[in-house]
Amino acid sequence: MKPRERPDPAAIGDLPGPESRFAHVIKHLYAPGERWDLAVRGLPARPEREAQGAGCTSAELRAREPSYHGACAACRAHVLRDHDRHLQPAYRQALATATDSGRWGTWADAQRPQEAFVGDSGVFVIARRTRSGEQNVATAYRVVPRGVRPGEATADDFLKAAVRKLRDKTSYGQEDR
């Protein structure tokens, strides 16, 4: 089997555009079950409550498809600051530690090739090539461990769950077979 070429995390762009960043913060960083407090230093205990204090409505914070354009300017600004302060550094760190440790693999997608990465903190990142050939983060989230109550999950539980998903969904681990 041909050796894998190690990806360069610096060559992978961030989540593109404010709409995507807004949606990912609400869907993932603010999701209590993903326990970002175990992966991000300085994250407020309930970041979604701070977003409400900044003008986001409960409906916006619970939306299955958060609407950047439907939110007020203060809510948009707060959520995008949370991306820049918390989510972006977490997925950038995950890309770096994943490539250093070899925890990445190709995710078979007929439409566009993509790679998945698992950082030391258990952050699961998918990077996808654009039509122009650039590679950007498509999503970053924490795989919720099965069979463990959210308040009792440890950082190690999240890392193991993410590695399990990486092994199940990508080429990761195939060189061991």
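Use the structure listed above.
Draft legend 1. Spatial organisation of helix 4 (residues 73-101). Between the first and last C-alpha of helix 4 there are 40 Å, a value that for 29 residues agrees with the 42 Å anticipated at 1.5 Å per step. At His83, helix 4 shows its maximal bend, which comes to roughly 40°. Among the residues trailing helix 4, Gly102 stands out with phi positive, at a value near 80°.

Draft legend 2. Structural view of the side chain of Gln114. Structurally, Gln114 is set in strand 3 (residues 114-118). Looking at Gln114, the relative accessible area reads 5%, which means it is buried. Engagement of the side chain of Gln114 in a polar contact is seen with the side chain of Arg128, the distance being 2.7 Å.

Draft legend 3. Spatial organisation of the sheet that holds strand 3. Pairing in this open sheet of 5 strands is mixed, and the strands run 1-5-4-3-2 from one edge to the other. Each edge of the open sheet carries a strand with a single partner, namely strand 1 (12-13) and strand 2 (104-107). Lying over the sheet, helix 5 (residues 155-169) contacts strand 2, strand 3, strand 4 (123-129) and strand 5 (135-142), oriented at roughly 155° with respect to strand 3.

Draft legend 4. Structural detail: unusual backbone geometry. The backbone phi angle of Arg35 is positive, close to 45°, even though this residue is not glycine. Position of Arg35 relative to the elements: it lies in the loop between helix 1 (17-29) and helix 2 (47-53). Judged by relative accessible area, which is 15%, Arg35 ranks as buried.

Draft legend 5. Seen up close, the state of the cysteines. For the structure shown, the criterion picks out 1 disulfide. A disulfide bridge connects Cys56 with Cys75, and the sulfur atoms are separated by 2.0 Å. The chirality of the disulfide connecting Cys56 with Cys75 is right-handed, given an S-S dihedral of about 95°. You can see Cys56 sitting in the loop between helix 2 and helix 3 (58-62) and its partner Cys75 sitting in helix 4, a full 19 residues away along the chain. Of the two residues, Cys56 and Cys75, both sit in the buried class. Cysteine Cys72 shares no disulfide, and the gap to the nearest cysteine sulfur, in Cys75, comes to 5.3 Å. For Cys72, a relative accessible area of 34% puts it in the partly exposed group.

Draft legend 6. Geometry of helix 1. Its 13 residues give helix 1 an end-to-end C-alpha distance of 17 Å, which sits within 8% of 18 Å, the value for a rise of 1.5 Å per residue. For helix 1, the full list of buried residues reads Phe22, Ala23, His24, Val25, Ile26, His28 and Leu29. Tucked inside the fold, the buried residues of helix 1 contact helix 2, helix 3, helix 4 and strand 5.

Draft legend 7. Focus on the packing of aromatic side chains. One pass over the structure, following the stated rule, counts 3 aromatic pairs. Ring centres 5.7 Å apart and planes at 80° place the aromatic pair Phe22 and Tyr68 in the edge-to-face group. Here Phe22 is found in helix 1, whereas its partner Tyr68 is found in the loop between helix 3 and helix 4, with 46 residues between them in sequence. Accessibility classification places Phe22 together with Tyr68 in one group, the buried group. Geometrically, the ring pair formed by Phe124 and Tyr141 is tilted, given 5.3 Å between the ring centres and 35° between the ring planes. With Phe124 in strand 4 and Tyr141 in strand 5, this residue pair connects regions lying 17 residues apart in the sequence. Comparing Phe124 with Tyr141, the two get one shared label, buried. Feature note: the residues Trp107, Phe124 and Tyr141 constitute an aromatic cluster, connected by ring pairs. The ring of Phe158 carries Arg142 above its face, with NZ or CZ at 4.1 Å from the centroid.

Reading guide: rules and limits
- Counting restarts for each chain: residues are numbered from 1 in the order of the written sequence.
- Thresholds applied to this predicted model are a pLDDT of at least 70 for local features of residues and 80 or more for the giving and counting of side-chain atom pairs; totals over whole chains, interfaces and linings are not thresholded and use all residues.
- Side-chain metrics in this entry use all non-hydrogen atoms of the structure; hydrogen atoms and water are not considered.
- Only runs of H or I of at least four residues qualify as helices and only runs of E of at least two qualify as strands under DSSP, and these elements are numbered from the N terminus.
- Any helix carries an expected span of 1.5 Å times its number of residues minus one.
- To get the bend at a residue, fit one axis to the 7 residues ending there and another to the 7 starting there, then take the angle between the axes.
- Remark: exposure states derive from per-residue accessible area (1.4 Å probe, protein chains only) relative to the maximum for the residue type, with buried under 20%, exposed over 50%, and partly exposed in between.
- Two N or O atoms form a polar contact when they lie within 3.5 Å of each other; inside protein one atom must be a possible hydrogen donor and the other a possible acceptor, and for residues adjacent in sequence the pair counts only when both atoms belong to side chains.
- A pair of strands is labelled paired if DSSP reports no fewer than 2 bridges between them.
- Two residues qualify as a contact provided that any one of their heavy atoms is within 4.5 Å of a heavy atom in the partner residue.
- Angles here are taken between N-to-C directions and fall from 0 to 180 degrees, while the axes themselves are lines fitted to C-alpha atoms, restricted in helices to the stretch in contact.
- Cysteine sulfur atoms are paired as a disulfide whenever they fall within 2.5 Å.
- Classification of ring pairs rests on two measures: the distance between centres of Phe, Tyr or Trp rings, Trp counted by its six-membered ring, which must be within 6.5 Å, and the angle between planes, read as stacked under 30 degrees, edge-to-face over 60 and tilted in between.
- The criterion for a charge sitting over a ring is simple: Lys NZ or Arg CZ within 6 Å of the ring centre, and within 35 degrees of the ring normal.

From the geometry alone we can't say anything about function, so treat these as descriptive.
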